[in-house]
Amino acid sequence: MPPGSSITMSLHVFTEQRTSERKVLRTRARVVMEGAAPVSGRTSDLGANGVSINLPEPLVVGQAGQVSFDLLIEGKLVPVSARAKALYCIFSSGEFKVGFQFLNLELAAMTAVARFLR
C-alpha cells in the first residue's frame, strides 16, 4: 500500500435497541399515526421505554403517533395513552410487529407502566 493511504472498513453489528426489561402484555391496542385513520392491534410486550404492537398493516419507521392500551394493575384496568414513534416494523406470521418508543410519557402513564412492570 502506498505511504499515506488508508483502508476504511465498514462493520455492521446488531445491537439490542431495548434499554429496559420487557414484560409480556397481550391486550387490545389502538394506534393513531399522524395523518392516518385509527388502527386496532394487539400488544405483545411492554417496557419502561416502549411497547410492541402487532398490526394488520405496516407503519413507516420514524413516524410518530398515539398508542393506547389498558394495563391490569391490582385487579383494575388502567388506560394508558402515549405519544410514540415507530422504531421498527417486521412482517411476521401474517401481521406486522411494530416497536414503539414512548415520547415524553406523561406522569400518570409512566406510573402505570412502572407499576405493571414490578
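Higher on the page you've got the structure.
If you're wondering where the values come from, they're calculated on a predicted model, not measured in any experiment.

Description of the overall build of the chain
Right, on to step 1. Secondary structure summary: the chain contains 1 helix and 7 strands in total.
Right, on to step 2. Secondary structure elements of the chain, listed N to C terminal, follow the sequence β-β-β-β-β-β-β-α.
Right, on to step 3. Expressed as a percentage of the 118 residues in the chain, the buried residues total 32%.
Right, on to step 4. Here the analysis covers contacts within the chain between residues at least 6 apart in sequence; of these, 53% occur between residues at least 24 apart.

Some words on helix α1 (residues 107-117)
Right, on to step 1. For α1, every residue scored as buried is listed here: Ala109, Ala112, Val113 and Phe116. The buried residues of α1 occupy an angular sector of 95° when projected down its axis, which confines them to one face.
Right, on to step 2. Taken together, the buried residues of α1 touch β1 (22-24), β3 (39-47), β5 (64-73) and β6 (76-92).

Topic: the pattern of salt bridges
Right, on to step 1. Within the structure shown, the criterion is met by 3 salt bridges.
Right, on to step 2. For Glu74, the salt bridge goes to Arg115, with nearest N and O atoms at 2.9 Å. In this pair, Glu74 sits in the loop between β5 and β6 while Arg115 sits in helix α1, placing the two residues 41 residues apart along the sequence.
Right, on to step 3. Overall, the relative accessible area of 33% leaves Arg115 in the partly exposed class.

Section: the side chain of Ser44
Right, on to step 1. Turning to its location among the elements, Ser44 is positioned in strand β3.
Right, on to step 2. Taking relative accessible area as the criterion, Ser44 reaches 7% and is therefore assigned buried.

Here is what the cut-offs are and how they apply
Within each chain, residue numbers correspond to sequence positions counted from 1 in written order. For this predicted model, a pLDDT threshold of at least 70 governs which residues receive local features, and a threshold of 80 or more governs which side-chain atom pairs are given and counted, while totals over whole chains, interfaces and linings are taken from all residues. Based on all heavy atoms of the structure, the side-chain values leave hydrogens and waters out of the count. Elements are defined by DSSP. Helices are runs of H or I of four residues or more, strands are runs of E of two residues or more, and each kind is numbered from the N terminus. Accessibility here uses a 1.4 Å probe with only protein chains present; expressed as a share of the type maximum, an area under 20% marks a residue as buried, one over 50% as exposed, and anything in between as partly exposed. The criterion used for residue contact is that any of the two residues' heavy atoms lie within 4.5 Å. Our arc is simply the arc of the directions from the helix axis toward the C-beta atoms. For this analysis, a salt bridge means a side-chain nitrogen from Lys or Arg found within 4 Å of a carboxyl oxygen belonging to Asp or Glu.

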